[in-house]
Amino acid sequence: MDNYLEHDPQDQPIDIKGIANKYLAYWYWIALSGIIALVIAFLYLRYTPDSYKTAAKVKVLTEKESTDLNLDLDKLLGKGNVNLENERAVLQSFRLNRQVVNQLNLQVQYFQSGHVNQTEVFTAPFKVTYVPELDKGSDALDFQITVQDKGYSLVNLDTEATLQVPSFYLEKATADFPFTIQPTSAQSMVLTDNPVYEVTIISQTQATQNLVKNIKIAPDGKDSDILILSLEDHSKEKAQSILNTLIDVYTQDGITDRQEVSKRTIAFIDERFTYLTTELDSIEIAKGSYKQNNNLSIFEADAASVIQKKSIKDEQLFEAETQMLLADVLDKSISGNQEVNLLPANIGLNSGAVNTLVSDYNTAVLEYNKWKATAGDNNPKVKILKASITDLNNNIQRSLSGYKSQLEQSLKQNRRAQGIAQQSFKTLPNKEKILRSIERQQILKENLYLLLLQKREEAAITMAVTAANVKVIDYAITNSIPVAPKRKIVLLAALLLGLGFPIGILYLKFLTNTKIYTSKDVESINPNTGIVGEIPVIPNAKQALKATSGNTQTEEAFRTLIHNLNFTLDNSNPDQGQIIAVTSSVKGEGKTTVAFNIAQTYFHLKKKVLLVGADLRNPQLHTLIDSTKDNAGLSNYLSTSNANWEDTLIHMDANTNQFDLLLSGPIPPMPTVLLSSTRFQDFLKEAKAQYDYVIVDTAPTLLVADTLTFVDGVDFTAYVVRSGVTEKPLIEYSKKLVDQKKIKNMGYIINDIDFKGSYGYGYNYGYGYGYHAETVKKKWYRFGK
């Protein structure tokens, strides 16, 4: 067969326009879906409160930066020397954020009821104070509070309990209403358009966890000492209050940590004052009693030089004994320090090594306490700090022990020198020496008292002027542009989703659709068999009689079909006509209508045509001429030996007798036997001799074997497939018939293509379940197949 339309479908480029038109055929659904999505997006944006981002900046200072001007090499090089991760952990600690929750009463949330939804408000006209002692253990409590002219109407939304409050003060909490109420201010209790509020009370722990999760803390740069605190919330006032309060709490927490050493020093000195006062009083009483009992006054003038020399030695001995006493005091403090506590600092020891170790020890204790409160005992950092504190404690004891050894050597030397001075003082009265001994003890205690008093004042001053370890660069500032919802993104996403949803549905529909629509679908399955014609939709099969006289598109389609058929037929013998069998795989593909129109088109081209109804099982040809299947026809001729087929012809054109119709006739009991008989073959030969074209409307090949019994005797087989109805497996079946040479000369006719839909993609096809091509068109709102 001459496959004049044959080509390799793999060589065809992707038909982008065709694919687009497949989807554009459903443009109304896509547009409607997009509009609905945009409407939903507009409603969402209309009733969703805006969220704003509030940010604050703080600079974390070092110990030196918070006390004096310090030139640091790292600062000059632009590097930070503060561990911001530690400070960020402190700012995000549960301990600090719980203080913020308590100060701002964040466990109580207020929602004002609107016409459509509820809006959270930070400052309601009343303040609810939670009384947890009366709570029944619920995770969250919900109440409705309606502000009335002279009080409130309360409803417990969990238990549906109600309570009428006759005034604006609720001072007694109950089990159903575990809170008290008081007006925010005297001027705030004014009825508004929306006096209904919903109050939600959550646990302090839950409120703190929510706050820790929502607050974001990040450094301002890689080498910066600045932290940026940010919070997104619907209420600008609430977000600013939270961040500012957190900064204040963090600042006060740092000051408190720095004041701990001074507090410990003051407490230690106050404790020593108690013992020194008692000892001084005892010495004073003993001195007075001794002088009174022995009638003593002052040294004589001639003993002045001896006394002066002795005083120098006494002063040196006094200094050594004072240092030894201070060293003993510090040693006792260390020995009694079983837990990790601060040590008194700067108590007057002249040992720089000991003072430095005590300062390092107190710094380590402060950091240990801070990490222990935040991370717990099992944190690796806490364990490392505790080990460091133990090492420092041991170093202090060793240094103090060495310093005391030095003091003991000094005491021995001073006492030896004092003994020499005593030899020159033997002439002094023994009683006077005893008195001097008492006075020396008194002076020693008094000097120690004054020294401790001085150190106490220094510690008090240090505590009073303790600077914060943070500098506020910017308090909380809220951006005027909302960060959520992002209107452009929401609208764009809604539009894309609205358009993409029906497109996705269509894609799945096209992907799972097994029907053929155009010649490309047929050629992709059977590229070796040509397409001889593409027939547009005929709105009503009964109008087929007028199809080639009033419908230009249909007329041109069948003329093109006839032109293609003439190329495939062998016209070498002008004295012989051509037999064209019109068949299909199953019923409902429109082969009868196509056969009728082929015959009618040949007639209009001045050819003598015979249309034969060879579908003896389910004849449909009679329906096109308003006849019945009981009229005599082919079955009568084949079953009756003496019958003449010419007697049963219907002359469609009475004037010329150029267009004759032979109906199928009554349905016989064995159609296959009749169509495979010699009598039917003789009939075809006679008809071929009398007519230019004999068009045979046959039975479907898949359902019965009637057509295959005689199709090898025809000149050409026109295989009709229907756009939007014929399944692709049926094309594979027809290809198998050709490959097995059951049909020799065949070409496809694609029927019922909706050219108004997608340039020949028949997606707006209808259904018909006869052999005729009656099409039921879909309404625009029909989305399915």
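As the structure is a computational prediction, the values presented were derived from the model and not from experiment. (Residues numbered from 1 in each chain as written. Predicted model: local features only at pLDDT ≥ 70, side-chain atom pairs only at ≥ 80, totals over all residues. Heavy atoms only, no water.)

Engineer: Would you take a moment to explain the pattern of salt bridges for this structure?
Structural biologist: Side-chain pairing between opposite charges can occur once the charged atoms of the two side chains come close. Inspection of every chain in the model, using the stated rule, returns 14 salt bridges. Between lysine 381 and glutamate 367 there is a salt bridge whose closest N-O contact spans 3.9 Å. In this pair, lysine 381 sits in helix α10 (residues 380–423) while glutamate 367 sits in helix α9 (residues 352–375), placing the two residues 14 residues apart along the sequence. When its relative accessible area of 31% is taken as the criterion, lysine 381 is described as partly exposed. A salt bridge links lysine 515 to glutamate 727; the nearest nitrogen and oxygen atoms lie 3.2 Å apart. One end of the pair, lysine 515, is in the loop between α12 (487–512) and α13 (519–525); the other, glutamate 727, is in the loop between β19 (716–722) and α20 (728–739), and 212 residues separate them in sequence. Overall, glutamate 727 belongs to the partly exposed group, its relative accessible area being 25%. If you follow the salt bridges from partner to partner, you end up with Glu555, Glu556 and Arg559 in one network. (Salt bridge = Lys/Arg side-chain N within 4 Å of Asp/Glu carboxyl O. Helix = DSSP H or I, 4+ residues; strand = E, 2+ residues; numbered from the N terminus. Buried < 20%, exposed > 50% of the residue type's maximum accessible area, 1.4 Å probe, protein only.)

Engineer: Just checking my understanding: could you explain α20 for this structure?
Structural biologist: The periodicity of an α-helix, 3.6 residues per turn, causes residues three or four places apart in sequence to face the same way. End to end, α20 covers 17 Å across 12 residues, agreeing with the expected 16 Å (1.5 Å per residue, within 8%). Within the sequence span of α20, burial applies to Leu730, Ile731, Tyr733, Ser734 and Leu737. Angularly, the buried residues of α20 cover 155° about the axis, an arc narrow enough to put them on a single face. Lysine 741 sits one or two residues past α20 and shows a positive phi near 60°. (Expected span 1.5 Å × (residues − 1). Arc of directions from axis to C-beta.)

Engineer: How do you make sense of the pairing of strand β20 (residues 746–753) when you look at a structure like this?
Structural biologist: Within a regular strand, side chains alternate between the sheet's two faces. Burial analysis of β20 places eight of its eight residues in the buried class, which makes it a mostly covered element. Bridge count between strand β13 (residues 531–536) and β20: four bridges; the pairing is parallel. Residue glycine 533 lies in a different strand from β20, and its bridge partner there is isoleucine 749. Pairing between β19 and β20: six bridges, direction parallel. The residue bridging alanine 718 from the neighbouring strand is glycine 747, located in β20. (Pairing = 2+ DSSP bridges.)

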